[in-house]
Amino acid sequence: MTIPEALDRLSQSRFRGSFRLNAKMREIVQSRGMEAMREFAAERVRKCLAPAEPLNDGRQTPMKNHPVFLAQHATGTCCRGCLNRWWHVPKGVPLTETQQAKIANLIVAWIERQMEN
């Protein structure tokens, strides 16, 4: 599945499709730039999703204060449970570097799509 196909699938979900960047979050993206969003997304995935058993799994991603946090909820990449439900990533197994990159790319693509609207 391509990233655009994944984003289209997510937009069909009542919950995942309800997320939008507000003015404050758009301002954060504009002031810091997409490269900073990409770096933060990669770091969040590495620290909070990549371990086989992440600390506070299911509660580690806030729903506000940063575009990446909101994008994680919108893309089903906020916890290992959502990764399993949406993307069939098994729990209890560390994420590979390839998986981490794909997840970060999906998060960034969602932010980019939001910035276009």
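Structure: see above.
Okay, so let's go over this structure. For every chain, the first residue of its written sequence is number 1, and the numbers climb from 1 along that sequence. Owing to the predicted nature of the model, reporting of local features is limited to residues with pLDDT of at least 70; listing and counting of side-chain atom pairs is limited to 80 or more, with chain, interface and lining totals taken over all residues. By convention in this description, side-chain values take in all heavy atoms of the structure and omit both hydrogens and water.

A separate point is the environment of Trp87. Within the secondary structure, Trp87 sits in helix α5 (residues 80-87). For the pair Trp87 and Glu43, spaced 44 residues apart in sequence, the C-alpha separation works out to 20 Å. Those residues in contact with Trp87 that lie beyond four places of it in its chain are Met1, Ala6, Arg9, Leu10, Thr75, Gly76, Thr77, Cys82 and Leu106. There is a polar contact of 3.0 Å between the side chain of Trp87 and the backbone oxygen of Thr75. Strands are runs of DSSP state E lasting at least two residues, helices are runs of H or I lasting at least four, and both sets are numbered from the N terminus onward. Note on contacts: a residue pair qualifies if any of its non-hydrogen atoms lie within 4.5 Å across the two residues. Polar contacts, as counted here, are pairs of nitrogen or oxygen atoms within 3.5 Å of one another; within protein the pair requires one atom able to donate a hydrogen and one able to accept it, and residues that are adjacent in sequence qualify only if both atoms are side-chain atoms.

With that out of the way, let us pick up the nonpolar core. A general trend in soluble globular proteins is that nonpolar side chains are found buried together. Core analysis: the biggest nonpolar cluster contains 29 residues, and Leu21, Val45, Leu95, Ile103, Ile107, Trp110 and Ile111 have the highest contact counts within it. Secondary structure elements with two or more residues in this core: α1 (3-11), α2 (23-32), α3 (34-49), α4 (67-74), α5 and α6 (97-116). No other element matches the 8 residues that α6 contributes to this core. With near-sequence residues (within four places) excluded, Val45 lies in contact with Ala50, Leu95, Gln100, Ile103, Ala104 and Ile107. Buried Ala, Val, Leu, Ile, Met, Phe, Trp, Tyr and Cys residues that are joined via side-chain atoms within 4.5 Å together make up what is termed a nonpolar core. The buried label applies to any residue whose accessible area, calculated with a 1.4 Å probe on protein chains only, is under 20% of its type's maximum; exposed applies above 50%, and partly exposed to all values in between.

Before going further, it helps to examine the state of the cysteines. Defined by distance alone, a disulfide is two cysteine sulfur atoms within 2.5 Å. In this structure the tally under the stated criterion is 0 disulfides. Here Cys79 stays free of any disulfide, with the sulfur of Cys82 as its closest cysteine sulfur at 3.7 Å. Since its relative accessible area comes to 9%, Cys79 is described here as buried. Just so you know, Cys82 is unpaired, no disulfide at all, and the nearest cysteine sulfur is the one on Cys78, 3.6 Å from it.

Of note, Arg26 is situated in helix α2. With 46 residues separating them along the chain, Arg26 and Gln72 place their C-alpha atoms 16 Å apart. Not counting chain neighbours up to four residues away, the residues in contact with Arg26 comprise Leu21, Gln114, Met115 and Asn117.

Note on definitions: salt bridges are taken to be side-chain nitrogens of Lys or Arg within 4 Å of carboxyl oxygens of Asp or Glu. Under the defined criterion, the tally for this structure stands at 3 salt bridges. When the shortest N-O distance is used, the salt bridge between Glu112 and Arg38 registers 3.8 Å. Note that Glu112 is positioned in helix α6 and Arg38 in helix α3, a separation of 74 residues in sequence. On the accessibility criterion, Glu112 (34% relative accessible area) is partly exposed. Arg46 is the salt-bridge partner of Glu43, the closest N and O atoms lying 2.7 Å from each other. Remark: Arg46 and Glu43 occur in helix α3; sequence separation between them is 3 residues, near one turn of the helix. Residue Glu43 is classed as partly exposed on the basis of its relative accessible area, which comes to 32%. The partly exposed category is assigned to Arg46, whose relative accessible area is 45%.

That's the geometry; what it means functionally is another story.
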